[in-house]
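What follows is the residue order along each chain.
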Amino acid sequence: MFGIQSRRDLTMELQSQIPILRPSIHARRANIVVKFQDLYGFTVEGNVDDVNVLNEVREKVRNQGRVWWALEASKGANWYLQPEILLIGDGIALKTSLKISTLTNAITLKRLIRKGIPPILRPKVWFSLSGAAKKKSTVPESYYSDLTKAVDGKVTPATRQIDHDLPRTFPGHPWLDTPEGHAALRRVLVGYSFRDSDVGYCQGLNYVAALLLLVMKTEEDAFWMLAVLLENVLVRDCYTTNLSGCHVEQRVFKDLLSQKCPRIATHLDDMGFDVSLVATEWFLCLFSKSFPSETTLRVWDVLFYEGAKVLFHAALAIFKMKENELLMTHQVGDVINILQKTSHQLFDPDELLTVAFEKIGSMTTNTISKQRKKQEPAVMAELDQRLRRLNSLKETGKNT
């Protein structure tokens, strides 16, 4: 049972049910489309080449798991949870007093996370490294239980929208698209809407919370992962009513695209293509609607340790990977089709992340923060102007 059953048991059970598909040459030539479930229960549809890629990815996951277990054996259980290592991951300046062993562990951890956290360890590693465990420790143990009981039966605009979105969240999933799955997702989303009334509920959070439910061991842990994500990891105001934070991110992304992929940016500008047509969903749903599940979670592995800059790395990488094709386009629709097809078929996370970190180049959290501050005044002025026009239209409507 997703979200309730022991994640270790669930992972092993699903792995045992997933066959290694070995297509024949004739099947490859026929380009047969195959469907099967991935590790998290999502139906994957692709050709035989995609199946081969997924088999290779599974083998990489197994090998990466062996690396993590070997380090646990040599360095001790939970070696990556040392306070000094967590501070380095948060981007805090290194002190000369830090032991060489601590710095070495921090570098090792960063490399390990970029190569992927094994599914069995994801719940524990995410919960600790993201700050969710620390956030949960600041409130009474019964906080989540008390919250869900207190808001049960209450109706707000947020709860009505949540109820509307539940059946549209990953329809067809064997657990999420069931009464039990809907109930668990509703409790997490409604609970958070009352915890932070400024955010309430925003479309996009349903997909994020749903994927957190599949990964974490418990519904309560998924709630705290959502809380730390919105309150500490992502930029503030991304999911508030006017989406001001999201608008800022889109402007920052457009500037970064011009810096990192100038030929593509110029070509798209000449076409009149607005990158927010595709990137808004990427940033609001954190790629959960766009990438295959394991690729999404590999991006989230880095997100929960290095911060929101990885979203820019991943988004830029999609454009970079298809640079030649994009430069040949003449219609906005063709650009959208290329980007959507590319993101949906990114079955190999390493393909994306290699481009994201090695070809896009370095981007520090401090640099992106400066870009955000630069864009904020223009965004707020634009939103204020939009609100004035809306109020003016309302007044005109009343007087007619």
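Above this text you will find the structure in question.
All of these numbers come straight from a predicted model, not from anything done at the bench.

**Q** Provide a residue-level description of the packing of aromatic side chains, including the pertinent values.
**A** The relation between two aromatic rings is expressed through the spacing of the ring centres and the mutual angle of the planes. Enumeration according to the criterion identifies 18 aromatic pairs in this entry. Ring geometry for F253 and F319: centres 5.8 Å apart, planes at 50°, overall tilted. Of the two residues, F253 sits in helix 13 (residues 244–260) while F319 sits in helix 17 (residues 309–321), which places them 66 residues apart along the sequence. The two residues F253 and F319 agree in class, both being buried. Measuring from centroid to centroid gives 6.4 Å for W300 and F304, while their planes differ by 80°, and the two rings are edge-to-face.

**Q** Quick one: what's the story with the nonpolar core, residue by residue and with numbers?
**A** Of all hydrophobic cores here, the largest spans 114 residues; its most connected members are W300 and F319. Here this core gathers at least three residues from each of two domains, domain 1 (121–233) and domain 2 (244–397). Not counting chain neighbours up to four residues away, the residues in contact with W300 comprise W126, V208, L211, L212, C285, L286 and S288.

**Q** Give me the pattern of salt bridges: which residues, what numbers.
**A** Enumeration over the complete set of coordinates arrives at 26 salt bridges. Residues E231 and R195 are paired through a salt bridge, measuring 2.8 Å at the closest nitrogen-oxygen approach. Here E231, found in helix 12 (residues 219–233), pairs with R195, found in helix 10 (residues 179–195); they are 36 residues apart in sequence, far enough to count as distant. Note on R195: relative accessible area 26%, which makes it partly exposed.

Criteria and cut-off values
- Residues numbered from 1 in each chain as written.
- Predicted model: local features only at pLDDT ≥ 70, side-chain atom pairs only at ≥ 80, totals over all residues.
- Heavy atoms only, no water.
- Phe/Tyr/Trp six-rings, centres within 6.5 Å; stacked < 30°, edge-to-face > 60°.
- Helix = DSSP H or I, 4+ residues; strand = E, 2+ residues; numbered from the N terminus.
- Buried < 20%, exposed > 50% of the residue type's maximum accessible area, 1.4 Å probe, protein only.
- Core = buried A, V, L, I, M, F, W, Y, C linked by side-chain atoms within 4.5 Å.
- Domains from an automatic or database assignment.
- Contact = heavy atoms within 4.5 Å.
- Salt bridge = Lys/Arg side-chain N within 4 Å of Asp/Glu carboxyl O.

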